[in-house]
Amino acid sequence: MKNKTLLLVKKIYNYKFFPFIILALIMIIYKIFTHTDTNDDIYFSSALSEYNFFSYLKMRYLNWTSRLLIESLLITISRVVFIWKILDVFIMVSIGIILSKLFNPTNNIKTNFIILYFMIFFQYILAGTAGWIATTLNYTWILFFALISFIPIKKVLENKSFRWYEYILYTICTLFASNQEQMVVVIFSTLLIFNIYLIYIKKFNIYIFFQFILNILSFIFILLSPGNGIRKIREITAHFPEFSEISIWRKLEIGFSSTLFKYIFNLNLIFTAFVILLFIAIFIKYRHKLKFLICGSIPLFITLSFGAFKPIISQFFPYINDIPNSLTKTGTNISLSSPITWIPNIILATTFLFIIISLYLLFDNKKIALFTIFIILIGFASRIVMSLSPTIWESSDRTFIFMHFSFIIISIFIYNKIRNIIKNNNTIYIDLLFSLFFILSIIKNIYEIYSYK
């Protein structure tokens, strides 16, 4: 009996999707402690007490937003919190499984564990900044629909056919994901590049082109929405009066610096884990080539210096504290006549550049190398686009969610590369390190979710 039990436990543990069972259990625990009676959740849960369904959407379109598809679901789901909790667990677990299906073609269980770890590293408390229900529907659920909408690209590249119902599913997901301003840019860029690539390799697909047209129509719908224009004026008045006076270049600098400050000059577990993996991969592949090792070590050195090791380093170099503090509401206020103001952006740009160079060096297959670079640039673009909005500061950490996941996707590729280089698959030290991060993340997340009011 004991042997049968052990065999059953071993069989479950070795099941390729076992990590996602763990993810589901953790997400259920998170939901037990999640409060939904705060911020925008209160507003949306009571929206239909003053309006009927269609009059509410008309009012929002004319006075505030173009996210009609998102809000039509939001005002319905927010009235039944238990349903939202079930669906949110399902969607978060599904995101992990989709990442595995898209980027772990061998279904390796260790890679699935890495996906699990990164899903937990994803600082889930960020999703509560505007209210849990409101932010999950506007960001993590949008990511879920976007990932599904990208599946046709992989199927076309692999010469796989579509079932009839898949066209309906992918169309709905494309429309829904394209209803969000950041994601419409991500999907537009992705479909544009892949349509061009499919034409180049003579695999043009009419359905993927159709998705691109749907996305463009959604883009136009967002641009023409009177509510978005009215909201922009209100947000400028309420949160960023200087916004209308700032030049486009200054706005882009705000987007650039505020985005990379978040990762490089602050302790961010997703980004730290990403640069650790990148350094390990470069070290394993180029351990006897000093110039390549330096290239791979620069992002890790800078990230740790301003992140995990900053309390120690600042004891010897106190001026290191001044660099992260240089970010203001109007960016780093860089001035050509004052070279000292260049330092923060030089450090940020250097780190980002060496990440891109390291990714190109790491993968022998340059198509994969360019794809990972494309992913990081798309994630970066999803945050940079916020520089055109006066809510770049008010929207806070939730606008980083799509970039978080760009680092997660690239980390999957890097981990698989490490496994391929180490033929005996001896990744125990990496696995132990990530397991430690995993445990600390769970403790931190439960505490923050429980204490969030």
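Residues numbered from 1 in each chain as written. Predicted model: local features only at pLDDT ≥ 70, side-chain atom pairs only at ≥ 80, totals over all residues. Heavy atoms only, no water.

(A) Spotlight on the overall build of the protein. Secondary structure summary: the protein contains 20 helices and 0 strands in total. Taking 22 Å as the expected radius of gyration for a compact globule of 453 residues, we find that the protein reaches 23 Å, a close match to that expectation. Judged by the C-alpha coordinates and their principal axes, the protein covers about 70 × 65 × 55 Å. The buried share among the 453 residues of the protein stands at 54%. The contacts in the protein between residues at least 6 apart in sequence include a share of 79% that link residues at least 24 apart. (Helix = DSSP H or I, 4+ residues; strand = E, 2+ residues; numbered from the N terminus. Rg over C-alpha atoms; globule rule 2.2 N^0.38 Å. Buried < 20%, exposed > 50% of the residue type's maximum accessible area, 1.4 Å probe, protein only. Contact = heavy atoms within 4.5 Å.)

(B) Local environment of helix α19 (residues 401–421). Taking 1.5 Å of rise per residue, the 21 residues of α19 would be expected to cover 30 Å, and the 31 Å separating its terminal C-alpha atoms lies within 8% of that figure. Burial of α19 is extensive: 19 of the 21 residues sit out of reach of the surface. (Expected span 1.5 Å × (residues − 1).)

(C) Highlighting the packing of aromatic side chains. This structure, assessed with the given rule, holds 43 aromatic pairs. Consider the rings of Y61 and F221, whose centres lie 5.3 Å apart with planes at 15°: the pair is stacked. With Y61 in helix α4 (residues 53–63) and F221 in helix α11 (residues 206–224), this pair connects stretches of sequence that are 160 residues apart. You can call Y61 partly exposed: its relative accessible area is 22%. For the cation-ring pair, K155 lies above F162, with the distance from its terminal atom to the ring centre recorded as 5.6 Å. (Phe/Tyr/Trp six-rings, centres within 6.5 Å; stacked < 30°, edge-to-face > 60°. Lys NZ or Arg CZ within 6 Å of the ring centre and 35° of its normal.)

(D) Just the pattern of salt bridges, in detail. What the rule picks out here adds up to 10 salt bridges. Here E158 and K154 are joined by a salt bridge, their closest N and O atoms 3.9 Å apart. Its relative accessible area of 36% is what places E158 among the partly exposed residues. With its nearest N and O atoms 3.4 Å apart, the salt bridge here joins D364 to K417. Within this pair, whereas D364 is found in the loop between α17 (343–362) and α18 (366–384), its partner K417 is found in helix α19, the two being separated by 53 residues in sequence. Taking the relative accessible area as the measure of exposure, D364 reaches 54% and is therefore exposed. Each of the salt bridges in this network shares a partner with another, and the network as a whole consists of K154, E158 and K160. (Salt bridge = Lys/Arg side-chain N within 4 Å of Asp/Glu carboxyl O.)

(E) View of the environment of I422. Its location among the elements puts I422 in the loop between α19 and α20 (428–451). Sequence separation between I422 and S149 is 273 residues; the distance between their C-alpha atoms is 34 Å. Residues contacting I422, with those up to four places away along its chain left out, are I284 and T427.

Just distances and angles here, no functional claims.
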